[in-house]
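Here is how the chains run, residue by residue.
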Amino acid sequence: MEDYLKAILVLHQQHGYVRCVDVADYLGVSKPSVSRAVKELTKSGHIIKKDGTLYLTQQGRQYAEQICERYLFFTARLLDADVDRKTAEHDACNIEHAISAEAFQKLKNSLTNK
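Described below are features of the structure shown in this document. For clarity, every value in this text was computed on a predicted model and none was experimentally measured. (Residues numbered from 1 in each chain as written. Predicted model: local features only at pLDDT ≥ 70, side-chain atom pairs only at ≥ 80, totals over all residues. Heavy atoms only, no water.)

### Quick notes on the overall build of the chain
Defined as follows: Note on conventions: DSSP H or I runs of at least 4 residues are helices, E runs of at least 2 residues are strands, and numbering of each starts at the N terminus. Burial status follows relative accessibility: with a 1.4 Å probe on protein chains alone, a residue under 20% of its type maximum counts as buried, one over 50% as exposed, and anything between as partly exposed. Note on definitions: a residue-residue contact is assigned when non-hydrogen atoms from the two residues lie within 4.5 Å. Per-residue and other accessible areas follow the Shrake-Rupley method at a 1.4 Å probe size, with only the shown protein chains counted as cover for residues. Neither His nor the chain ends is counted toward charge; the positive residues are Lys and Arg and the negative residues Asp and Glu. Here the site of a charge means NZ on Lys, CZ on Arg, CG on Asp, or CD on Glu.
Broken down by element type, the chain carries six helices and two strands. Mapped in sequence order, the helices and strands of the chain form the string α-α-α-β-β-α-α-α. Seen through its C-alpha atoms, the chain measures out along the principal axes to roughly 50 × 25 × 25 Å. Burial analysis of the chain (114 residues in total) assigns 37% to the buried set. For the chain, the share of sequence-separated contacts (at least 6 apart) that also reach a separation of at least 24 residues comes to 53%. In the structure as shown, the chain presents an accessible area of about 7200 Å², 52% of it carried by carbon and sulfur atoms. One finds the centroid of the 16 positive side-chain charges in the chain at a distance of 5 Å from the centroid of its 15 negative side-chain charges.

Below is the structure:
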């Protein structure tokens, strides 16, 4: 679900609107997969679907921004370590989902305080 939130945030920033088909294309998944995710994210209060357009709620936007922050942080660290871009982006996506909020904050603080 985090990937869907991140995709909605990124697509909204790029285009100003987001439709299910846009999310499917961006993530390389089927439209039925997006429909299922949209139902779950709507039930959880992270998004609203109105007239075929997807909108992040305040809760959804905050969560999506946290996910993006983690992704960008880990991508940058891996690129700094001379990991090729494709691998860095793939691995950063995996790490962003696995790390706890506490561990991420402490790691970020330890690297920015040096």
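The rest of the description comes next.
### A closer look at the nonpolar core
Inclusion rule: By convention a nonpolar core is built from buried Ala, Val, Leu, Ile, Met, Phe, Trp, Tyr and Cys residues, the set being connected through side-chain atoms within 4.5 Å.
Counting 21 residues, the largest nonpolar core has Leu 5, Ile 8, Val 23, Val 34, Ile 47, Leu 54 and Leu 56 as the members making the most contacts within it. Residue assignment for this core shows that the elements contributing at least two residues are helix 1 (2-15), helix 2 (20-27), helix 3 (31-43), strand 2 (53-56) and helix 4 (58-80). Tyr 71, Phe 73, Phe 74 and Ala 88 belong to the second-largest nonpolar core, a separate cluster that totals nine residues.

### Quick look at the pattern of salt bridges
Heads up, the rule is: Put simply, a salt bridge is a Lys or Arg side-chain nitrogen that is within 4 Å of an Asp or Glu carboxyl oxygen.
As enumerated under the stated definition, the model contains eight salt bridges in all. Measuring nitrogen to oxygen at the nearest pair gives 3.7 Å for the salt bridge that ties Glu 65 to Arg 61. Within this pair, Glu 65 and its partner Arg 61 are both found in helix 4, separated by four residues, close to a single helical turn. Residue class for Arg 61 comes out partly exposed when judged on its relative accessible area of 31%.

### Some remarks on the side chain of Thr 53
With respect to the helices and strands, the residue Thr 53 is situated in strand 2. Ignoring anything within four residues of it in the chain, the contact list for Thr 53 reads Tyr 17, Val 18 and Ile 48.

### Some points on the environment of Arg 19
Here Arg 19 shows up in the loop between helix 1 and helix 2. Here Arg 19 falls in the partly exposed class, since its relative accessible area comes to 37%. Considered as a pair, Arg 19 and Asp 80 are 61 residues apart in the sequence and their alpha carbons are 35 Å apart. Every residue in contact with Arg 19, bar those within four places of it in the chain, is listed here: Gly 52 and Leu 54.

### Some thoughts on the environment of Val 38
Of note, Val 38 is situated in helix 3. Overall, the relative accessible area of 8% leaves Val 38 in the buried class. Put simply, Val 38 and Lys 106 are 68 residues apart on the chain and 32 Å apart in space, counted from C-alpha to C-alpha. Apart from the residues within four sequence positions on either side, Val 38 is in contact with Cys 20, Ile 47, Lys 49 and Leu 54.

### Topic: the pairing of strand 2
What counts, and what does not: The pairing criterion is simple: DSSP has to find at least two bridges between the two strands.
Where strand 1 (residues 47-50) lies against strand 2, four bridges are found, and the strand directions are antiparallel. From the neighbouring strand, Ile 48 faces strand 2, where its bridge partner is Tyr 55. Where strand 1 folds back onto strand 2 in an antiparallel hairpin, the turn is made up of two residues, including Asp 51, whose phi is positive at roughly 55°.

It is worth stressing that arrangement in space is one thing and function is another; only the former is reported here.
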